[in-house]
Amino acid sequence: MKRLIQWINILILMIIFLELREGYQRGEWSFNNPRGEKGTQPLVMRGGDPYIRALMRTISASEANVSQPYSVLYGGEHVWDLSDHPNRCVPIVAGPNVGNCTTAAGRYQFINTTWYDKAKRYHPQPWQLFWWSNYSFEPQYQDAVVYAWLSDNQAWGMDISQQLRQGKVDQVLRRLSGTWTSLGYGIETNSMTRYLPGIYQRILQEELQQS
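Here's a quick rundown of the structure. (Residues numbered from 1 in each chain as written. Predicted model: local features only at pLDDT ≥ 70, side-chain atom pairs only at ≥ 80, totals over all residues. Heavy atoms only, no water.)

Considerations on a nonpolar patch on the surface
Thought 1: Taken together, Phe130, Trp131 and Trp132 make up a surface patch of nonpolar side chains, about 460 Å² in accessible area.
Thought 2: According to the relative accessible area criterion, Trp131 is exposed, its value standing at 78%. (Patch = residues over 30% accessible without salt bridge, like charges linked within 9 Å, V, L, I, M, F, W, Y side chains within 5 Å. Areas by Shrake-Rupley, 256 points an atom, 1.4 Å probe, with all protein chains shown as cover. Salt bridge = Lys/Arg side-chain N within 4 Å of Asp/Glu carboxyl O. Buried < 20%, exposed > 50% of the residue type's maximum accessible area, 1.4 Å probe, protein only.)

So, the nonpolar core
Thought 1: Formed by 43 residues in total, the largest nonpolar core has its most connected members in Leu55, Met56, Leu150, Ile160, Leu176 and Trp180.
Thought 2: Elements represented by at least two residues in this core include exactly helix 2 (50-63), helix 3 (112-122), helix 4 (139-150), helix 6 (160-165), helix 7 (169-176) and helix 8 (196-210).
Thought 3: It is helix 2 that provides the largest number of residues to this core, a total of seven residues.
Thought 4: Apart from the residues lying within four places of it in its own chain, the contact partners of Leu55 are Leu150, Ile160, Leu164, Val172, Leu173, Leu176 and Tyr200. (Core = buried A, V, L, I, M, F, W, Y, C linked by side-chain atoms within 4.5 Å. Helix = DSSP H or I, 4+ residues; strand = E, 2+ residues; numbered from the N terminus. Contact = heavy atoms within 4.5 Å.)

Overview of the layout of surface pockets
Thought 1: What the largest pocket holds in volume is close to 940 Å³.
Thought 2: Around the largest pocket, the lining comprises 37 residues; the ones closest to its centre are Glu63, Tyr74, Ala104, Gln109 and Glu188.
Thought 3: Secondary structure elements with two or more residues in the lining of the largest pocket: helix 2 and strand 2 (101-102).
Thought 4: Here the lining of the largest pocket gets three residues from one element, more than from any other, and that element is helix 2.
Thought 5: A class-by-class count of the residues in the lining of the largest pocket yields 19 nonpolar, 16 polar and two charged.
Thought 6: Of the volumes computed, that of the second largest pocket is approximately 200 Å³.
Thought 7: The wall of the second largest pocket is formed by 12 residues, among which Met45, Arg46, Gly47, Arg53 and Gln210 lie closest to the centre. (1 Å grid on protein atoms, 1.4 Å probe; cavity = no way out; pocket = protein on both sides within 12 Å on 5 of 7 lines; lining within 4 Å. Points joined across faces, edges and corners; volume = space filled by probe spheres on them. Nonpolar A, V, L, I, M, F, W, Y, C, P; charged D, E, K, R; others polar.)

Here's the deal with the packing of helix 7 against helix 8
Thought 1: As a packed pair, helix 7 and helix 8 sit with axes 10 Å apart at the nearest point and diverge in direction by 115°. Seen from above, helix 7 lies across helix 8 with right-handed handedness. On helix 8, the residues touching Val169, Asp170 and Leu173 of helix 7 are Leu196, Pro197, Tyr200 and Gln201.
Thought 2: Counted by class, the contact of helix 7 with helix 8 contains five nonpolar, one polar and one charged residues. (Axes fitted to C-alpha atoms, helices over the stretch in contact; angles between N-to-C directions. Left-handed = near helix turned anticlockwise from the far one by under 90°.)

Some thoughts on the environment of Glu206
Thought 1: By the element assignment, Glu206 lies in helix 8.
Thought 2: Considered as a pair, Glu206 and Ala54 are 152 residues apart in the sequence and their alpha carbons are 8.4 Å apart.

Comments concerning the pattern of salt bridges
Pairs can form between side chains of opposite charge whenever their charged atoms are close.
Thought 1: One pass over the full model with this rule turns up six salt bridges.
Thought 2: The closest approach of N and O atoms between Arg165 and Asp49, which form a salt bridge, is 3.2 Å. Of this pair, Arg165 sits in helix 6 while Asp49 sits in the loop between helix 1 (2-22) and helix 2, and the two are 116 residues apart along the sequence.
Thought 3: Residue classification places Asp49 among the buried residues on the basis of a relative accessible area of 14%.
Thought 4: Among the ionic pairs, Glu77 bridges to Arg88, the shortest N-O distance being 2.9 Å. Linking Glu77 in the loop between helix 2 and strand 1 (90-91) with Arg88 in the loop between helix 2 and strand 1, this pair joins segments that are 11 residues apart in sequence.
Thought 5: Relative accessible area serves as the criterion here: at 38%, Arg88 is assigned to the partly exposed category.
Thought 6: Connected through salt bridges with shared partners, the residues Arg53, Arg57, Glu206 and Glu207 form a single ionic network.

Comments concerning the side chain of Thr102
Thought 1: Following the sequence through the fold, Thr102 ends up in strand 2.
Thought 2: A relative accessible area of 12% places Thr102 in the buried class.
Thought 3: Of note is the side chain of Thr102, whose polar atom sits 3.1 Å from the backbone nitrogen of Ala104.
Thought 4: Sequence-distant contacts of Thr102, that is, excluding residues within four places in its chain, are made with Tyr74, Arg88, Cys89, Val90, Ile92 and Ile111. (Polar contact = N/O pair within 3.5 Å; in protein donor to acceptor, adjacent residues only side chain to side chain.)

Shown next as structure tokens:
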């Protein structure tokens with residue numbers, strides 16, 4: 001009897017979890033703010049260091065420069081269930097990795113393995129059930145994870161905010177380019193790459209005015 005009660009409790013918890021997941025389906029959130037500098041959307045997250053915020057928007061100017069960046073997959077298709085990383089492998093059609101596929105998704109084009117690694121460290125509200133954890137991929141959590149990651153001096157071997165305050169944008173973009181290759185300095189660029197330092201400066205002014 002005791003074992004039966006335990007299983008019933010587990011079943012109830014699973015039903016609650018599935019109901020929570022349903023709340024993340026299409027129609028439960030939207031992001032229709034006007035586009036900012038060079039088409040970059042404002043962040044969903046509130047507050048924080050304007051220098052880091054401007055950098056986050058600069059990254060997305062190169063990685064996901066669309067009207068709804070938080071739901072976009074590599075290639076331009078959108079997904080509407082962001083209760084977890086979409087984990088959909090889309091064929092790569094250009095660049096040095098053509099012929100492979102990528103799970104890149106969201107504003108910062110996280111591949112699934114990078115998302116789970118960084119979410120374990122930086123996600124502010126993981127959902128846990130016994131030994132199982134879920135890391136919501138909703139817009140505010142994409143922002144929160146990237147903000148915390150970029151603010152972690154040990155993760156990058158530098159104080160990114162301080163470097164940006166000293167005007168060393170190129171050095172920062174170079175350091176980040178191993179993660180976000182479209183920032184330049186590596187194996188891959190795109191049409192936005194050469195404009196990114198200037199885009200950063202203009203976005204920074206916008207962020208400083210709003211802070």
